[in-house]
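Fold and contact review
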Amino acid sequence: MAGLGHHRGLAVFIKLLVVLVARANGADILLEWNVSLDTTIKPISVDQPVITINGMFPGPLINSTTNDLVHVNVFNNLDEPLLFTWNGIQQRLNSWQDGVSGTNCPIQPGTNWTYVFQTKDQIGSFFYFPSINFHKAAGGFGPIRVNNRNVIAVPFPKPEAEFDLLIGDWYHNSYKRTREMMNRLTETDEISPDTILMNGKGPYGRLLTKAYESFTVTKGKTYRFRISNVGSAFSFNFRIQNHKMVLVETEGSYPNQITMDSLDVHVGQSYSVLVTMDQNEADYYIVATPLLLNTTTTTSLVGVGVLHYSNSLTQANGPLPTGPDPFDLVWSVNQAKSIRWNMTTGAARPNPQGTFNVTNVTITQTFILEGSMAKIEGALRYTVNNVSYCTVNTPLKLADYFVNGSNVYQPIDWFPVSAVKAEATYGISVATGIHKGWIEIVFVNSLDVMDSWHLDGYGFYVVGFGDGSWRPDARNTYNLFDPVVRSTVQVYPKGWTAVYAFLDNPGMWNLRSQSLKNWYLGQELYIRVHDNDPNPAKERPPPDNLLLCGIFDDMASAPVPAPSPRSSGW
């Protein structure tokens, strides 16, 4: 009997161990999305198609927890190929699920494909959006939350509730018409968005607005707002009438908490702020205004929503709350520099964020990347170091894995990462990143408009901002003590931004301008981070449902081919 008791105890222990492992590995989240065009939504009473997911605009929330495995079965009901990317989700060891043209074959009209990605060792606020064919200008975006596991302490009290607030500029023209105009862009064209939406709704108080966004709150309670800039072009300043905000999260990082009247949010960025309802019970304006734009003469580009106290009988009234001068970039830079990492709190893991710091790292590579604009073969294009990325029919990831890049791109590091080519050209821009090396990337913006840059697969440490051209002695100005970690960073007009990243995530990773026009017209490249060890712990093999296209199109109905042998030289 003692032996039986021992076995029962062992069985209980094994079951408990299985449960603990399952919890550590996260849960499976199963989602089915029907992606369609809807002409009835009309967020600003303009007849245009809107991309919806399961009839929703914005799309449904992906509400996950650290280490969950998310399955998204996407049915493409559009008349064009479709891809989704998961802005800020790092896809650990798995660029096969990244959902951009260099990693995935598109989902063809009338077909479906299932993404499977893990929120591995992450927390925070992010969003998804369609990544090709200028689709983002038509919608298809939605929020992603990655919640902390219960065993990890969060460095602020649990709020009464959480709100996702997706804010972005919006065109009156259909995305196909806008895309066509982008393809014929000239130096004198000004193709700019026409309004700003909050959660897919037009500005409060405007005649063209069919509906406006409103949040109902209770006096005395504190709420978390997860704010994302899902727009195409404009950075915006965000504020709530008569209310302070406490900044508590930046794309998966916990910063030192600072209280602010307003917050600049650049294209592709996400933040969390806490707002305490400490005012009289009434309605208050929520406002987002673009940077570098005089909104007193372009009032259509003022996004307005409403904060509604539950017992309010008073509509929002008076002038809209004013923010900083939209042309005062010194103010914006100073705010950006004030956002610093909380070194003593944990994030997705219990150990402090400061355990991973850049105080004494050795940089193994430096990429200096200048974003600009040039005419190539008579067409106006955006460039990186005078190279405008040329999208090819075969995703780079497939070519890299199966044929060492042959017939798709040169399997060498040819892309100029530290010097601008003498003459602007088209190119398939692939740079080699040293696996488990520290990289310094300096983004230089030669244009007189805001830009922002995003690196898939990684968060990076934002170590410096500056004016004009970057020089090596600018490193003396870097903040290496507590730079915030995020996946999208702004680059100011005629200025530079420097970041560090640890390249421990093998794959083919997209590095792009988050400005949709810039990205669509060539301002991107790929960083190939490779380790010759075939062990899946280094990088996962392609999924069983891998789509094939381009030079592999004839194999689409055949089993996935075997990878080509890799030489140790690249």
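Attention in this report is confined to the structure presented alongside it. Not measured: the values here are computed from a predicted model.

Analysis parameters
- Residues numbered from 1 in each chain as written.
- Predicted model: local features only at pLDDT ≥ 70, side-chain atom pairs only at ≥ 80, totals over all residues.
- Heavy atoms only, no water.
- Helix = DSSP H or I, 4+ residues; strand = E, 2+ residues; numbered from the N terminus.
- Rg over C-alpha atoms; globule rule 2.2 N^0.38 Å.
- Contact = heavy atoms within 4.5 Å.
- Areas by Shrake-Rupley, 256 points an atom, 1.4 Å probe, with all protein chains shown as cover.
- Buried < 20%, exposed > 50% of the residue type's maximum accessible area, 1.4 Å probe, protein only.
- Pairing = 2+ DSSP bridges.
- Axes fitted to C-alpha atoms, helices over the stretch in contact; angles between N-to-C directions.
- Core = buried A, V, L, I, M, F, W, Y, C linked by side-chain atoms within 4.5 Å.
- Disulfide = S-S within 2.5 Å.
- Phe/Tyr/Trp six-rings, centres within 6.5 Å; stacked < 30°, edge-to-face > 60°.
- Salt bridge = Lys/Arg side-chain N within 4 Å of Asp/Glu carboxyl O.

Overview of the overall build of the chain
Helices and strands together make up the secondary structure of the chain, namely five helices and 32 strands. Its C-alpha radius of gyration of 24 Å places the chain within 12% of the 25 Å reference for a compact globule of 570 residues. Along the first, second and third principal axes, the C-alpha set of the chain runs to 85 × 70 × 55 Å. Excluding contacts between residues fewer than 6 apart, the proportion of contacts in the chain whose partners are at least 24 apart in sequence is 78%. Looking at the chain as shown, the accessible area adds up to about 23100 Å², and 53% of this sits on carbon and sulfur atoms.

A closer look at helix α4 (residues 396–403)
In an α-helix, one turn spans 3.6 residues, which is why side chains three or four residues apart end up on the same side. Where burial is concerned, most of α4 is hidden: seven out of the eight residues are buried. Taken together, the buried positions of α4 are L396, K397, L398, A399, D400, Y401 and F402. On its buried face, α4 sits against β22 (387–389), β24 (430–434), β31 (507–513) and β32 (524–530).

Thoughts on the sheet that holds strand β4 (residues 69–76)
Where strands meet in a sheet, backbone hydrogen bonds hold them as pairs that are either parallel or antiparallel. Taken in spatial order, the four strands of this open sheet run β2-β1-β4-β6, and their pairing is mixed. The sheet is open, and its two edges are formed by β2 (50–53) and β6 (112–118), each paired on a single side. Averaged over all pairs of adjacent strands, the angle between strand axes in this sheet comes to 25 degrees, irrespective of strand direction. Pairing of β4 with β6, which is carried by seven bridges, proceeds in the antiparallel orientation. The partner of L69 across the bridge, within β6, is Q118.

Some remarks on the nonpolar core
Within soluble globular proteins, side chains that are nonpolar generally end up buried alongside one another. Among the nonpolar cores identified, the biggest contains 79 residues, and F225 and L307 are the most heavily contacted of them. Looking at this core, the element that brings in the most residues is strand β25 (residues 438–445), giving six residues. Residue contacts for F225: discarding those within four places in its chain leaves F163, L165, F215, Y271, S272, V273, V275, M277 and L307. Within the second largest apolar cluster, 59 residues are counted, among which are I44, F134, I191 and L197.

Focus on the state of the cysteines
Using the criterion set out here, one finds one disulfide in the structure. Between C390, a free cysteine, and C549, which holds the nearest cysteine sulfur, the sulfur-to-sulfur gap is 15 Å. Owing to a relative accessible area of 33%, C390 belongs among the partly exposed residues under this scheme.

Brief notes about the environment of F502
Within the fold, F502 resides in strand β30 (residues 495–502). Along the backbone, F502 and W438 are 64 residues apart, and their C-alpha atoms lie at a distance of 4.6 Å. Not counting residues within four places of it along the chain, the set of residues in contact with F502 comprises K436, G437, W438 and Y458.

Describing the packing of aromatic side chains
Overall, the coordinates contain 36 aromatic pairs when judged by the stated rule. Plain terms: the ring middles of W33 and F84 are 5.4 Å apart, the flat faces sit at 75 degrees to each other, and that makes the pair edge-to-face. Of this pair, W33 sits in strand β1 (residues 28–38) while F84 sits in strand β5 (residues 84–87), and the two are 51 residues apart along the sequence. The residues W33 and F84 share a single accessibility class, namely buried. For the ring pair W86 and Y115, a centre distance of 5.1 Å and an interplane angle of 80 degrees mean the geometry is edge-to-face. Residue W86 is located in strand β5, and its partner Y115 is located in strand β6; the two are separated by 29 residues in the primary sequence. Y115 matches W86 in its accessibility class, with the two residues each being buried.

Brief notes about the sheet that holds strand β3 (residues 62–65)
Read across the open sheet, the four strands follow the order β3-β8-β7-β5; overall the sheet is mixed. A strand with exactly one partner marks an edge of an open sheet, and here the two such strands are β3 and β5. Each strand of the sheet is rotated relative to its neighbour by a mean of 20 degrees, with strand direction disregarded. With five bridges joining them, strand β7 (residues 124–130) and strand β8 (residues 142–147) adopt antiparallel strand pairing. If you follow G124 over to β8, its bridge partner there is V146.

What about the pattern of salt bridges?
One pass over the full model with this rule turns up 20 salt bridges. Among the ionic pairs, R145 bridges to D164, the shortest N-O distance being 2.9 Å. In this pair, R145 is assigned in strand β8 and D164 in strand β9 (residues 161–170), connecting sequence segments 19 residues apart. Given the relative accessible area of 17%, D164 is considered buried. Of the charged contacts, one joins R224 and E162 as a salt bridge, the two residues approaching to 3.9 Å between their closest N and O atoms. In this pair, R224 is assigned in strand β12 (residues 222–229) and E162 in strand β9, connecting sequence segments 62 residues apart.

Considering unusual backbone geometry
Of note, the bond from F57 into P58 is cis; its omega dihedral lies within 30 degrees of zero at -10 degrees. Mapped onto the secondary structure, P58 falls in the loop between β2 and β3. The phi angle at L292 is positive, at roughly 60 degrees, despite the residue not being glycine. When you line up the elements, L292 lands in the loop between β18 (283–290) and β19 (303–309).

Distances and angles like these do not, on their own, reveal function.
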